[in-house]
Structures are given as C-alpha cells and as structure tokens.
Amino acid sequence: MPTRNRKPQLPGSTEWAWAWQERAACADLDTRLFFHPAGERGESYSSREEAAKQVCASCPVLDHCRAYALAAREQYGVWGGLSELERAEVLRRRRRAARAA
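Numbering of residues begins from 1 in every chain and follows the order in which that chain's sequence is written. For a predicted model such as this one, the threshold for reporting local features is a pLDDT of at least 70, and the threshold for listing and counting side-chain atom pairs is 80 or more; totals across whole chains, interfaces and linings nevertheless cover every residue. Think of the side-chain values as coming from all heavy atoms in the structure, minus any hydrogens and water.

K.L.:
Before we move on, could you go through the overall build of the protein chain and cite the residues and values that matter?
P.N.:
In DSSP terms, a helix is any run of H or I states spanning at least four residues, a strand is any run of E spanning at least two, and both are numbered starting from the N terminus. A count of helical and extended segments in the protein chain gives 4 helices and 0 strands. Counting from the amino terminus, the protein chain carries its helices and strands in the arrangement α-α-α-α. Per-residue burial for the protein chain yields a buried fraction of 28% across its 101 residues. Entry remark: accessible area of the protein chain is about 7,800 Å², with carbon and sulfur atoms responsible for 55%. Exposed residues in this analysis have more than 50% of their type's maximum accessible area, buried residues have under 20%, and partly exposed residues fall in between, with area computed by a 1.4 Å probe over protein chains only. Every accessible area reported is derived by Shrake-Rupley at a probe size of 1.4 Å, with residue values counting cover from the shown protein chains alone.

K.L.:
Explain the pattern of salt bridges to me, and be specific about the residues and the numbers.
P.N.:
Side chains that differ in sign of charge can pair as their charged atoms come close. For salt bridges, the criterion is a side-chain nitrogen of Lys or Arg within 4 Å of an Asp or Glu carboxyl oxygen. Evaluation of the coordinates by the stated rule reveals 7 salt bridges. A salt bridge links E40 to R48; the nearest nitrogen and oxygen atoms lie 2.8 Å apart. Each member of the pair, E40 as well as R48, carries the same accessibility label: buried. Among the salt bridges present, the one from R96 reaches E89, with a minimum N-O distance of 3.7 Å. The exposure class of R96 is partly exposed, given its relative accessible area of 43%. Among the charged side chains, a salt-bridge network with shared partners connects E89, R92, R93 and R96.

K.L.:
Mind laying out the nonpolar core, listing which residues take part and the relevant values?
P.N.:
In summary, soluble globular proteins display a tendency toward joint burial of nonpolar side chains. We call a set of buried Ala, Val, Leu, Ile, Met, Phe, Trp, Tyr and Cys residues a nonpolar core when their side-chain atoms join them within 4.5 Å. Counting residues in hydrophobic clusters, the biggest one holds 13 residues, and the most contacted among them are F34, C56, C59, V61 and V78. Secondary-structure elements contributing two or more residues to this core are α2 (42-57) and α3 (62-72). Only heavy atoms matter for contacts: two residues are in contact if any of them lie within 4.5 Å across the pair. In contact with F34, other than residues within four places in its own chain, are C26, L29, R48, A52, V55, C56, G77 and V78.

K.L.:
Explain the environment of A25 to me, and be specific about the residues and the numbers.
P.N.:
Within the fold, A25 resides in the loop between α1 (15-18) and α2. Spatially, the C-alpha atoms of A25 and A57 are 9.1 Å apart, while their sequence positions differ by 32 residues. In contact with A25, other than residues within four places in its own chain, are V55, C59 and P60.

K.L.:
So, the packing of aromatic side chains: which residues are in play, and what are the values?
P.N.:
Any two rings among Phe, Tyr and Trp, with Trp reduced to its six-membered ring, count as a pair given centres within 6.5 Å; such a pair is stacked if its planes are under 30 degrees apart, edge-to-face if over 60, and tilted if neither. One pass over the structure, following the stated rule, counts 3 aromatic pairs. Arranged with centres 6.0 Å apart and planes meeting at 45°, the rings of W20 and Y68 form a pair that is tilted. Here Y68 lies in helix α3 and W20 lies in the loop between α1 and α2, a separation of 48 residues in the sequence. Relative accessible area serves as the criterion here: at 4%, W20 is assigned to the buried category. Judged by its relative accessible area of 22%, Y68 falls in the partly exposed class. Taking the centre distance of 6.3 Å and the plane angle of 80° together, the rings of F35 and W79 count as edge-to-face.

Spatial relationships are all this shows, so hold off on functional conclusions.
Right, here's the structure in full:
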C-alpha cells in the first residue's frame, strides 16, 4: 500500500548526457554558422557550411556529436562535421547494410 507524503522516485540527473556539448569547439560560437537561414543557396551556403565543418574538424567531441546527431536523426545543420545530406546518406548506407546482413 502506498504511503502518503512519499516523494516519487525520479531518475537521476540527465545533465551528464549533455555535458559533452560544453567541451565542443562550437560551444561559444554563434549557432548561425551551423544552421543555414531560410533560402540560403550557392556560394554563401557552401562557404558557411565549410566554415562550420572546419570548426568540427578540431573538435574534441566530434565523434560523440556525430553519433548523437545520427541517433537523434537531427534534420538540420552541421553536426559532428556532417551536413544534413551527409547524415542522411550515412543513415541510408546503414539501412542497406542492415538489410543485406
């Protein structure tokens, strides 16, 4: 029988799950570098995306960031050094490999 005034057992802090982001090379940068504005095309798009990927290239949590973005199916932006289209291609290859196995 439940007792009154008993606090529910909540899971522990999930802060640890996101702590890697604090160590990211992009942590103090403007997020607009990693997410394109509506309608951005051509050289502006390519230059911004390449600059974002350069930040990722030296990031100490690149692998963690990439794994998160793929697992979460992040739809927008550069995550873990991969663009939206590149992440979609990685996921397609994984699905094909899983079907073939």
